Amino acid sequence: MKKGELLYSGKAKSVFLTDDPGQLILYFRNDTSAFDGEKVEQLNRKGMVNNKFNAFIMERLAAAGVATHFEALLSETESIVKRLDMIPVECVVRNIAAGSICKRLGVEEGIDLEVPTFEFFLKNDALHDPMINEYHIRSFGWAGADEVEIMKSRTFEVNEILKALFREAGILLVDFKLEFGRYGDAILLGDEFTPDGCRLWDAKTREKLDKDRFRRNLGRVVESYEAVALRLGLDVDLPVTSAAAQ
Ligand code: ADP
Ligand code: UDP
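Read on for an overview of the structure. (Residues numbered from 1 in each chain as written. Chains lettered and ligands numbered in written order. Predicted model: local features only at pLDDT ≥ 70, side-chain atom pairs only at ≥ 80, totals over all residues. Heavy atoms only, no water.)

## A closer look at the overall build of the protein
Check the secondary structure of the protein and you find six helices and 15 strands. Relative to the globule expectation of 18 Å for 246 residues, the C-alpha radius of gyration of the protein, 17 Å, shows essentially globular dimensions. In the protein, the proportion of contacts linking residues at least 24 apart, taken out of those at least 6 apart, comes to 57%. Counting only carbon and sulfur atoms, one obtains 51% of the accessible surface of the protein, whose full area is about 11,800 Å². Across the protein, the centroid of the 33 positively charged side chains sits 2 Å from that of the 41 negatively charged ones. (Helix = DSSP H or I, 4+ residues; strand = E, 2+ residues; numbered from the N terminus. Rg over C-alpha atoms; globule rule 2.2 N^0.38 Å. Contact = heavy atoms within 4.5 Å. Areas by Shrake-Rupley, 256 points an atom, 1.4 Å probe, with all protein chains shown as cover. Lys, Arg positive; Asp, Glu negative; His and termini not counted. Charge placed at Lys NZ, Arg CZ, Asp CG, Glu CD.)

## Section: helix H6 (residues 221-232)
In this model, H6 (12 residues) spans 17 Å end to end at C-alpha, consistent with the 16 Å of a helix rising 1.5 Å per residue. Among the residues of H6, Val221, Val222, Ser224, Tyr225, Glu226, Val228, Ala229 and Leu232 are the ones counted as buried. As for H6, its buried residues are in contact with helix H1 (46-63), helix H4 (145-168), strand S12 (171-178), strand S15 (198-202) and helix H5 (212-215). Downstream of H6 by a residue or two, glycine 233 has a phi angle that is positive, lying close to 100°. (Expected span 1.5 Å × (residues − 1). Buried < 20%, exposed > 50% of the residue type's maximum accessible area, 1.4 Å probe, protein only.)

## What about the site of ligand 1?
What surrounds ligand 1 is a group of 16 residues, the closest being Tyr8, Lys11, Ala12, Lys13 and His69. Within the side chain of lysine 13, one N or O atom sits 2.5 Å away from an oxygen atom of ligand 1. Between ligand 1 and histidine 69, the relevant distance is 2.8 Å, taken from a nitrogen atom to a side-chain nitrogen or oxygen of the residue. When ligand 1 is considered free in solution it has 560 Å² of accessible area, and contact with the protein chains removes 89% of it. Of all elements in the fold, only strand S2 (13-18) and strand S7 (78-82) reach the threshold of two or more residues within the shell around ligand 1. Residues belonging to the shell around ligand 1 are distributed by class as follows: seven nonpolar, two polar and seven charged. (Near = heavy atom within 4 Å. Polar contact = N/O pair within 3.5 Å; in protein donor to acceptor, adjacent residues only side chain to side chain. Nonpolar A, V, L, I, M, F, W, Y, C, P; charged D, E, K, R; others polar.)

These figures capture arrangement, not role.
Below you can see the structure in the form of structure tokens.
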């Protein structure tokens, strides 16, 4: 595996080509952003923690039958993934009201939803990721009807798998965002699942353990991510030893 040119750089990760046209390297940086990139800081160790956190979750999802882009850890801060043709929408499932839905609907943070709810957002920083519906996605050709159904049902499936995983660790999965992409005829889960893209609360105290600590200046951001990892049984201090890393 040879690392090639930078393909693109997002707000928190950089994506590199490799000598295999079907594979990319995701480099998890320490950059942490919120409010559409208005607040940006470097948080020590975050790239390493998120790289390993993501690998752990992607492997759990694959074991539960969810097709993902994840291939292997390459280094402390890099992973090898399948190169996807990304669908430019964000799929959000919520179990408890928090974040943008509270502002939008005037509901109180912390309300347990009767059933999990689903929202699509267009991935477009300049437009502040506006909420869209499945007709927008089909009408503008961002994805077809079958792809929309797959993204929705997979996101709900991921919710059930991860709700149970976090529940066992005494953590509530409040909400999360997923991105999908095309790989040949298949739709695979892409991007990442880390505390940067979900809300996690301690089940007893409802203490925030995710990126809201950064958004709200609560401190101990990466420490909380690491504590969640430990509660799931993942020690991020163990060095990467996969075959791909040799
Ligand atoms: P953002 O785009 O929100 O600033 P990142 O900093 O995480 O986010 O950038 C990572 C970029 O890589 C995103 O645009 C994401 O859609 C893209 N990406 C994630 N996984 C893959 C993949 N397997 N193939 C191609 N692109 C991917
Ligand atoms: N989310 C994300 N990237 C985005 C927008 C949202 O990872 O560009 C995640 C966010 O961390 C939360 C969930 O999606 O876990 C729902 O986010 P919300 O719509 O409440 O927006 P926020 O107020 O967090 O920006």
